[in-house]
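Single-letter residue listing:
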Amino acid sequence: MLLCLLGLAATTSSAAVFGEDDRRKLTPEEPTYAVHEALGRLTCRHPETGQKLVGTAAIVDTGTAEDGHEILLTAAHVVMDPATGKPLDDCRFKIAGRFWGSDPVVDIRHGDFDGRPHTNAADWAVVLIAPRQPAQYRLPVWDGLSMPETVTLLGYRADRRGLWVSDHCFARPPQPDEALHGERVLLSDCDANPGASGAPLLVRVDGKWHWGGLYRGHLYDPALHAEKHPEYQAAFSGRDAMNVIVRLPLPALPRQ
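This report concerns the structure included in the present document. As the structure is a prediction and not an experimental result, all values here were calculated from the model.

### Some points on the overall build of the chain
For the chain, the helix and strand inventory stands at two helices and 19 strands. The buried share among the 256 residues of the chain stands at 52%. Contacts spanning at least 24 positions in sequence make up 71% of the contacts within the chain whose residues lie at least 6 apart. When the accessible surface of the chain is summed, it comes to about 12,300 Å², and 51% of that surface belongs to carbon and sulfur atoms.

Next up, the structure:
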């Protein structure tokens, strides 16, 4: 089993834990437990190398999916070939808690992905799947009109089983003197590591959890970081040490 978990680390993005790692494994006692029914693991296989790209994806409610289909949101680098910038055509989704079988991906819409998940703010993908049965839970999409007081990052990790919660954290727009200012992203100190790419930032609005953005990874700049994958950072910095949450451009999702 450990070998299978290690294989999940074959993604193209880095991630960071800031200070002490206070993530918890998701249990029925967690406030976000019901959301796990909308989450799952997305796996894409490269046709030439056989390498697997693995991340987290969330089922969202747009009110526009045709019968027999569901809409997922994830990071583009989970479903894209970094060499060509084109979607991979062998991708499948396994919903959380399901041990056998998976659902095929039938279409992918993505941002202006250029193969650089560490610095690219357009690292998003809208994925259409054809599941065996309709989703039991779909996350509504946050309108972003006001910043929520409570945020939670909920995703997989390559080194442990199950979904993991990071909620002693914040997510906010970049300030003028910070990285990615002006981009449609949030800077966050929520903890994550490889396997969490595409995981939803959950925001609490009117007593209900909403999809508030997707986890893209740590902003890795080779000029600032000596290590190739700076997974552990002493503290958050809005200039050179943060995890990035991507928000979709407004026209990205189909509307009713």
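After presenting the structure, the write-up continues.
### Concerning the sheet that holds strand β2 (residues 24-25)
If you walk across this open sheet you meet the eight strands as β2-β13-β12-β16-β17-β19-β15-β14, and the pairing is antiparallel. Both outer strands of the open sheet, β2 and β14 (171-172), are each paired with one neighbouring strand and no more. Here strand β12 (residues 151-157) pairs with strand β13 (residues 160-166) via five bridges, running antiparallel. Along β13, the bridge assignment pairs Leu154 with Val165.

### Some remarks on the pairing of strand β17 (residues 208-218)
In terms of burial, β17 is a largely internal element, 10 of the 11 residues being buried. Sheet topology places strand β16 (residues 200-205) next to β17; five bridges connect them, and they run antiparallel. By the bridge assignment for β17, Val203 is matched with His210. Hairpin remark: β16 followed by β17, antiparallel, with two residues in the connecting loop; positive phi at Asp206, about 50°. Two elements, β17 and strand β19 (residues 243-246), share four bridges in a ladder whose sense is antiparallel. Residue pairing for β19: Gly217 is matched across the bridge by Val244.

### Thoughts on unusual backbone geometry
Positive phi, normally seen in glycine, also occurs at Leu180, with a value near 65°. Taking relative accessible area as the criterion, Leu180 reaches 17% and is therefore assigned buried.

### Digging into the state of the cysteines
Per the counting criterion, the structure on display carries two disulfides. Across a sulfur-sulfur distance of 2.0 Å, Cys44 and Cys91 are joined as a disulfide pair. The sign of the S-S torsion, about 115°, decides the handedness of the disulfide formed by Cys44 and Cys91: right-handed. With a gap of 47 residues between them, Cys44 in strand β3 (residues 39-45) and Cys91 in strand β8 (residues 91-95) connect regions that are remote in the sequence. Just as Cys44 is buried, Cys91 falls in that class too. Two residues share a disulfide in this structure: Cys169 and Cys190, whose sulfurs sit 2.1 Å from each other.

### Let's talk about the side chain of Ser188
Along the chain, Ser188 turns up in strand β15 (residues 185-188). One polar contact links the side chain of Ser188 to the main-chain amide nitrogen of Cys190, over a distance of 2.9 Å. Discounting chain neighbours no more than four positions away, the residues touching Ser188 are Phe18, Phe170, Ala171, Phe236, Met242, Asn243 and Ile245.

### So, the nonpolar core
In this structure, Leu42, Val79, Val127 and Leu139 are the most contacted members of the largest nonpolar core, which totals 53 residues. Once residues lying within four places of it in the same chain are set aside, the contact partners of Leu42 are Leu53, Val54, Gly55, Ala57, Leu72, Thr74, Val78, Val79, Arg92, Phe93, Val105 and Val127. Counting 15 residues, the second-largest nonpolar core is a separate cluster that includes Val151, Leu153, Ala171 and Ala199.

### Some thoughts on the packing of aromatic side chains
As enumerated under the stated definition, the model contains two aromatic pairs in all. Taking the centre distance of 6.2 Å and the plane angle of 65° together, the rings of Phe18 and Phe236 count as edge-to-face. Here Phe236 lies in the loop between β18 (232-233) and β19 and Phe18 lies in strand β1 (residues 17-18), a separation of 218 residues in the sequence. On the accessibility criterion, Phe18 (10% relative accessible area) is buried. Their ring planes at 80° and their centres at 5.0 Å tell us that Phe170 and Phe236 sit as a pair that is edge-to-face. Of this pair, Phe170 sits in the loop between β13 and β14 while Phe236 sits in the loop between β18 and β19; the two residues are 66 residues apart in sequence, bridging distant segments of the chain. Looking at Phe170, the relative accessible area reads 30%, which means it is partly exposed. An aromatic cluster is defined as three or more aromatic residues linked by ring pairs; in this entry it consists of Phe18, Phe170 and Phe236.

The rules behind the values
- Residues numbered from 1 in each chain as written.
- Predicted model: local features only at pLDDT ≥ 70, side-chain atom pairs only at ≥ 80, totals over all residues.
- Heavy atoms only, no water.
- Helix = DSSP H or I, 4+ residues; strand = E, 2+ residues; numbered from the N terminus.
- Buried < 20%, exposed > 50% of the residue type's maximum accessible area, 1.4 Å probe, protein only.
- Contact = heavy atoms within 4.5 Å.
- Areas by Shrake-Rupley, 256 points an atom, 1.4 Å probe, with all protein chains shown as cover.
- Pairing = 2+ DSSP bridges.
- Disulfide = S-S within 2.5 Å.
- Polar contact = N/O pair within 3.5 Å; in protein donor to acceptor, adjacent residues only side chain to side chain.
- Core = buried A, V, L, I, M, F, W, Y, C linked by side-chain atoms within 4.5 Å.
- Phe/Tyr/Trp six-rings, centres within 6.5 Å; stacked < 30°, edge-to-face > 60°.

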